[in-house]
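What follows is the residue order along each chain.
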Amino acid sequence: MDGFKETARKYTEHDLISAHTKLPEFPELRSRVFAAFLRYATTKAPHPKLQEAIGLAVSLMQHGLDTHELVDGAGETRRRQMTVLAGDYFSSRFYQVLSQAESVQTIGLVSQAVCEVNRFKMNMYLKAKRLLLTAEEYLRATVDINTHLFLTFTSWMEEVYRKTCPAVLRAVAECEVIAAELTRTRPDNVKDGWAYWYVVENGTPEEVELLVSGRMDESRLQSVLLKYNLIGRLTDRLEANIEELRQLLRGIGSDKLAEELLRLAEPLFAQRTTTRAQEI
């Protein structure tokens, strides 16, 4: 089977979107992990066509939510409007996919989950606006936002997998978030990331003021990152999460499911070596 990103192209490609927006990464790995649990761990596995439709629909909705996160309130008006419309467009395609699969129950489940994701976002935004968000709260909330749609289907799983599925999906999501945060080390992309909230929480008043006002230049930012060992902290956290994920996958009872998940997670395991080598 093609990856979800490839399958989704006919639903996501549009000339206006390509010309005027920068899109987030498609949630390919989370979608495929979710699909593996649907295939091997549900009490009564859905028909393969329905499995594919559910995986595609949830990934499209997640892509739409992720696209909305890129809306820049201070950015150019046309680009901002197109980003909002792109997110709406991707989200609407989820209804099309599930309607064609005649899965009304799934439409209701995902719609309810979207409301909960928006609640997570609102809570995080309110704390961020008041500069009360900690780095750990940011990371946890981002993982919640990136996994909740997929975890909506945990009740479909066999009892033995109802804890394993959320644990694996959250571990995968946290690895992805931390890997992305390791690239947010420049004045133009550090804002509202893990390093930003760590400095807001632990930095000196001068450091916080410079960072929050957007007046911290490249040299000073690199000095702050080094002072608090932020790259090292993130790298250690990534390594610990990858090891946790490896142990989770080794403990899965189903040989077929474990084999599929280990294959899917291989790029993350390889990333562990790459990230440490880059730090050195």
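The sections below set out a description of the structure shown in this document.

How each quantity is defined
Residues numbered from 1 in each chain as written. Predicted model: local features only at pLDDT ≥ 70, side-chain atom pairs only at ≥ 80, totals over all residues. Heavy atoms only, no water. Disulfide = S-S within 2.5 Å. Buried < 20%, exposed > 50% of the residue type's maximum accessible area, 1.4 Å probe, protein only. Helix = DSSP H or I, 4+ residues; strand = E, 2+ residues; numbered from the N terminus. Contact = heavy atoms within 4.5 Å. Polar contact = N/O pair within 3.5 Å; in protein donor to acceptor, adjacent residues only side chain to side chain. Core = buried A, V, L, I, M, F, W, Y, C linked by side-chain atoms within 4.5 Å. Phe/Tyr/Trp six-rings, centres within 6.5 Å; stacked < 30°, edge-to-face > 60°. Arc of directions from axis to C-beta. Axes fitted to C-alpha atoms, helices over the stretch in contact; angles between N-to-C directions. Parallel < 35°, antiparallel > 145°, perpendicular 65-115°, else oblique. Left-handed = near helix turned anticlockwise from the far one by under 90°. Salt bridge = Lys/Arg side-chain N within 4 Å of Asp/Glu carboxyl O. Patch = residues over 30% accessible without salt bridge, like charges linked within 9 Å, V, L, I, M, F, W, Y side chains within 5 Å. Areas by Shrake-Rupley, 256 points an atom, 1.4 Å probe, with all protein chains shown as cover.

## Some details on the state of the cysteines
Tallied over the entire structure, the rule returns 0 disulfides. Residue Cys 165 stays outside any disulfide, its sulfur separated by 16 Å from that of Cys 175, the closest cysteine. Look at Cys 165 and you get buried, because its relative accessible area is 1%.

## Observations concerning the environment of Glu 201
Within the secondary structure, Glu 201 is located in helix H9 (residues 194-202). Sequence separation between Glu 201 and Leu 132 is 69 residues, and the spatial gap between their C-alpha atoms is 8.0 Å. Beyond its immediate chain neighbours, meaning those up to four positions away, Glu 201 contacts Thr 134 and Ala 135. Side-chain polar atoms of Glu 201 contact the backbone nitrogen of Ala 135, separated by 3.4 Å.

## Considerations on the nonpolar core
One finds Val 33, Phe 37, Leu 149, Trp 194, Leu 245 and Leu 261 to be the most contacted residues of the largest nonpolar core, which totals 84 residues. Val 33 has contacts with Val 168, Leu 169, Val 172, Leu 261 and Leu 264, leaving out every residue within four places of it along the chain.

## Focus on the packing of aromatic side chains
Within this structure, the stated rule accounts for 9 aromatic pairs. Taking 4.9 Å as the distance between ring centres and 85° as the angle between the ring planes, the aromatic pair formed by Tyr 196 and Trp 197 counts as edge-to-face. The exposure classification of Tyr 196 matches that of Trp 197, with both residues buried. Here a set of aromatic residues connected by ring pairs shows up, and it is made of Phe 34, Phe 150, Phe 153 and Trp 156.

## Re helix H10 (residues 205-213)
For H10, the set of buried residues is Glu 207, Val 208, Leu 210 and Leu 211. Seen from one end, H10 has its buried residues packed into an arc of 165°, which puts them on one side. Elements in contact with the buried residues of H10: H9 and helix H11 (218-227). Of the residues one or two after H10, Gly 214 is the one with positive phi, at around 80°.

## A few points about the side chain of Thr 42
Secondary-structure assignment places Thr 42 in the loop between helix H3 (28-40) and helix H4 (48-68). For Thr 42, the side chain forms a polar contact with the main-chain oxygen of Leu 38, separated by 2.9 Å. Setting aside residues up to four positions removed in sequence, Thr 42 forms contacts with Phe 37, Trp 156, Met 157 and Glu 158.

## Things to note about the environment of Tyr 95
With respect to the helices, strands and loops of the structure, Tyr 95 is situated in helix H5 (residues 77-100). Each residue touching Tyr 95, except ones within four places of it in the same chain, is listed here: Ile 107 and Ser 111.

## Considerations on unusual backbone geometry
Unusually for a residue other than glycine, Leu 131 sits at a positive phi of about 55°. With respect to the helices, strands and loops of the structure, Leu 131 is situated in the loop between helix H6 (104-129) and helix H7 (135-151). The exposure class of Leu 131 is partly exposed, given its relative accessible area of 36%. Notably, Asp 192 is not glycine yet its phi reads approximately 65°, a positive angle.

## A few points about the packing of helix H1 (residues 4-12) against H4
For the pair H1 and H4, the least separation of the axes is 10 Å and the interaxial angle reads 65°. The orientation of H1 relative to H4 falls into the category roughly perpendicular. In the packing of H1 onto H4, the handedness of the crossing is right-handed. Contacts between H1 and H4 involve Phe 4, Thr 7, Ala 8, Tyr 11 and Thr 12 from the former and Glu 52, Gly 55, Leu 56, Ser 59, Leu 60 and His 63 from the latter.

## Looking at H9
Within H9, 7 of the 9 residues are buried, which leaves it mostly tucked inside the rest of the structure. When H9 is considered as a whole, its buried residues turn out to be Trp 194, Ala 195, Tyr 196, Trp 197, Tyr 198, Val 199 and Val 200.

## Details of the pattern of salt bridges
Per the stated rule, a full pass over the model turns up 18 salt bridges. Across the pair Glu 207 and Lys 227 runs a salt bridge, and its minimum N-O distance is 2.9 Å. Here Lys 227 lies in helix H11 and Glu 207 lies in helix H10, a separation of 20 residues in the sequence. For Glu 207, a relative accessible area of 4% translates into the label buried. Where Arg 263 meets Glu 260, a salt bridge forms, and the shortest distance between an N and an O atom there is 3.0 Å. With Arg 263 and Glu 260 both in helix H13 (residues 255-279) and 3 residues apart, this pair spans about one turn of that helix. On the basis of relative accessibility, which here comes to 16%, the residue Glu 260 falls in the buried class.

## Here we look at a nonpolar patch on the surface
A cluster of nonpolar side chains, namely Met 122, Tyr 125 and Leu 126, defines an oily patch on the protein surface of about 290 Å² accessible area. For Tyr 125, the location among the structural elements is in helix H6.

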